[in-house]
Amino acid sequence: MFVDISRELKFSKLDHLFVLLAEGKHDDLSLPDPIRKIVRDAAFDGRADVVVTILGHEPRKVTLIGVGKSDALTIRGVRAQLTAVGRIAKKHRDKSIGVIFPYAQPETSAVADALAQSDYKYDPYITVKKDLKRYPIDAALLAPPSLDKKSVAQLADHARAIAAGVNTVRDLGNTPCNVMTPERLAERAQEVSKDAGVKCTVYTKRDIEKMKMGGLIAVNRGSDLEPRFVVMEYTPKKAKKHVALVGKGITFDSGGISIKPAEKMEEMKFDMCGAAAVIGIVEAAAKLELPVKITGIFAATENLPSGSAYKPGEIITMMNGKTVEIVNTDAEGRMILGDALHYASSLKPDHIIDYATLTGACVVALAGDAAGLFTDDDALARNLIHAGERTGERLWRLPLWDEYKDLIRSEWADMKNSGGRWGGAITAAVFLKEFVDCPSWAHLDIAGTAYAENESPREAKGATGAGVRVTIEFLQSL
Ligand code: BES
Ligand code: MN
Ligand code: ZN
């Protein structure tokens, strides 16, 4: 959906107007007069999820949507209500809609970017029922009266940059894994970079071998497709800080020789959502011209079984020289991230943040409602959690204590690549720490948040764009 923020809605030009109202008095809200009358006539009380559509003259349709108690308005709740707006508009085949959200919180630009995503559906491969395919909807969100023209335009640009980044991540994640190969993912990074004015370097298998990225090479051995290692550099002139973002780009994770059960294995096409997040964040940051230097880094390969695949019992020497005993080839994300984090550390950034659909254990702990956050830097934790609260992209901190290293101790090598079931998300993070040389590093385990297993009131099934909003919010606070 293309979203603009307007200081005035031209009712005659709208197919459909949506008004989101909380419980309580509506008299002191800044509503246009005809709408005030409709709300009063309908005796609309704003209870959550109550939806009333009224046929009128201009605009022809007005839908009132209850959003519940006004003191409990959160961006997560409002996002769900806006998803209803997108779905209703699509069912009605509306081309031009208006949206009124007459509250100061959540902020107008967050509401606008949520609206922009509200009709999202990944449908390039739908060849039947073509009429249900995505078609362009123009939406105008009414600006709060306190804002002048310039700030309204700025907010709209901001919302569109975020929405573009989120959209990129969702499309990359949802693309089938026979198409979104490591090579294609790298190519997409180049295309996005070119469009956003960012430098992008793609390293091929030969380069990766030369750099001695032992973890990435080991995981790639089972695949017929070449791996890729990608570095995107956004370098604004007045940057004071440098942040490196690192992503896991497993374009399909079968588990390898330690093969996964068949059920839901198709979901492992989403195992590149960390890399996708890095691409989307760099895109949004560049479009917003954030005054922070950002290096986006990701490693991409498939994880498959074959005669040449890496196997349990092997010892692999990583790029930083440390050795890893393989006990489970399904713990492949940490192998490729170990090298990518070492590479990132060599750039000496102020902060490193990595994004990875790393462990099922994190999903067991937090389900789809929060990403796991691991860091030794308390200030970084505070800032990221705060950014998460503001954007509705929740992060929940889990420990990174050295005691957990015992669980990945190996008899034969510096460590093993899996600590077993107990504390699985933590031992994975502790493993990654062995490859980080940066005082301020955070690991986000987005295994539960990167994709939705089912359609829900808040979002479509599939990739969610996790990582973009929280990170942009954090980068803006630097
Ligand atoms: N990509 C998976 C983690 C995952 C699981 C993401 C479910 C999303 C949903 C990862 O590579 C993996 O297989 N992790 C193993 C680690 C184990 C072998 C130590 C896991 O979580 O079971
Ligand atoms: Mn795996
Ligand atoms: Zn994986």
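Residues numbered from 1 in each chain as written. Chains lettered and ligands numbered in written order. Predicted model: local features only at pLDDT ≥ 70, side-chain atom pairs only at ≥ 80, totals over all residues. Heavy atoms only, no water.

K.L.:
Looking at this model, I keep getting lost on the coordination of the zinc ion (ligand 3). Mind explaining?
P.N.:
Ideal donor angles around a metal are set by the shape: a four-donor tetrahedron calls for 109.5 degrees, a six-donor octahedron for 90 or 180 degrees. Protein-derived coordination of the zinc ion (ligand 3) comes from Lys 248 (NZ), Asp 253 (OD), Asp 271 (OD) and Glu 332 (OE), at a distance range of 2.0 to 2.4 Å. The coordination sphere of the zinc ion (ligand 3) comprises six donor atoms, whose angles at the metal cover 79 to 173°; the geometry is octahedral. Sequence spacing of the donors to the zinc ion (ligand 3): K-x4-D-x17-D-x60-E. In this model, the zinc ion (ligand 3) sits 3.1 Å from the manganese ion (ligand 2), the two metals being bridged by Asp 253. Taken together, the residues Lys 248 in strand β9 (residues 242–253) and Glu 332 in the loop between β12 (323–325) and α9 (333–346) connect sequence positions 84 residues apart. Residue classification places Lys 248 among the buried residues on the basis of a relative accessible area of 1%. (Donors = N, O, S within 2.8 Å, 3.2 Å for Na, K, Ca; no water. Tetrahedral: all angles 85-135°; square planar, octahedral: opposite > 155°, others 65-115°. Helix = DSSP H or I, 4+ residues; strand = E, 2+ residues; numbered from the N terminus. Buried < 20%, exposed > 50% of the residue type's maximum accessible area, 1.4 Å probe, protein only.)

K.L.:
Just checking my understanding: could you explain the pattern of salt bridges for this structure?
P.N.:
A side chain with one charge may pair with a side chain of the opposite charge, provided their charged atoms come close. For the structure shown, the criterion picks out 34 salt bridges. The residue Asp 33 makes a salt bridge to Arg 36 at a minimum N-O spacing of 4.0 Å. In this pair, Asp 33 and Arg 36 are both assigned in helix α1 (residues 33–41), three residues apart and thus about one turn of the helix distant. Residue Asp 33 is classed as exposed on the basis of its relative accessible area of 59%. In this structure, the salt-bridge partner of Glu 233 is Lys 199, at a minimum N-O distance of 3.8 Å. Here the residue Glu 233 occupies a position in strand β8 (residues 228–234), and Lys 199 occupies one in strand β7 (residues 199–203), the gap between them amounting to 34 residues. (Salt bridge = Lys/Arg side-chain N within 4 Å of Asp/Glu carboxyl O.)

K.L.:
Looking at this structure, how should I read the coordination of the manganese ion (ligand 2)?
P.N.:
In the first shell of the manganese ion (ligand 2), the protein supplies Asp 253 (OD), Asp 330 (O), Asp 330 (OD) and Glu 332 (OE), at 2.0 to 2.2 Å from the metal. Considering all six donor atoms around the manganese ion (ligand 2), angles at the metal cover 69 to 167° and the coordination shape is irregular. Summarised as a motif, the one-chain spacing of the donors to the manganese ion (ligand 2) is D-x76-D-x1-E. With relative accessibility at 1%, the residue Glu 332 sits in the buried group.

K.L.:
Would you explain the domain arrangement of the protein in this entry?
P.N.:
Interfaces are often sized by the amount of accessible area the parts lose when they come together. Parsing the protein into structural domains produces domain 1 (2–143) and domain 2 (164–476). Each of domain 1 and domain 2 has a C-alpha centre, and the two are 36 Å apart. Counting from both sides, the interface comprises 14 residues of domain 1 and, opposite them, 20 residues of domain 2. Taking both partners together, domain 1 and domain 2 bury about 1,600 Å²; carbon and sulfur atoms supply 40% of that area. In terms of surface lost to domain 2, no three residues of domain 1 exceed Arg 76, Gln 117 and Tyr 120, which account for 42% of the buried area on that side. Linking domain 1 with domain 2 are four salt bridges, by the criterion used here. (Domains from an automatic or database assignment. Contact = heavy atoms within 4.5 Å. Buried area = accessible area lost by both parts, 1.4 Å probe.)

K.L.:
Even after reading the chapter, I still don't get the site of ligand 1, so can you show me in this structure?
P.N.:
Near ligand 1 you find 17 residues, and of these Lys 260, Asp 271, Asp 330, Glu 332 and Gly 360 are the closest. Here an oxygen atom of ligand 1 sits 2.7 Å away from a polar atom, N or O, in the side chain of Asp 330. Here a nitrogen atom of ligand 1 and a backbone polar atom of Thr 357 are 3.3 Å apart. For ligand 1, the accessible surface in isolation is 520 Å², of which the surrounding protein chains cover 81%. Here the shell around ligand 1 is built from residues that sort into five nonpolar, five polar and seven charged. (Near = heavy atom within 4 Å. Polar contact = N/O pair within 3.5 Å; in protein donor to acceptor, adjacent residues only side chain to side chain. Areas by Shrake-Rupley, 256 points an atom, 1.4 Å probe, with all protein chains shown as cover. Nonpolar A, V, L, I, M, F, W, Y, C, P; charged D, E, K, R; others polar.)

K.L.:
Can you walk me through the pairing of strand β14 (residues 371–375) in this structure?
P.N.:
Two faces, one strand: in a regular strand the side chains alternate between the faces of the sheet. Here β14 lies mainly inside the structure; five of its five residues are buried. With three bridges joining them, β14 and strand β15 (residues 395–397) adopt parallel strand pairing. The partner of Leu 373 across the bridge, within β15, is Arg 397. For the segment spanning β14, helix α11 (residues 378–391) and β15, crossover handedness is right-handed. Sheet topology places β14 next to strand β17 (residues 441–445); four bridges connect them, and they run antiparallel. Opposite Gly 372, over in β17, you have Asp 445 as the bridge partner. (Pairing = 2+ DSSP bridges. Right-handed = clockwise from strand over helix to strand, strands pointing away.)

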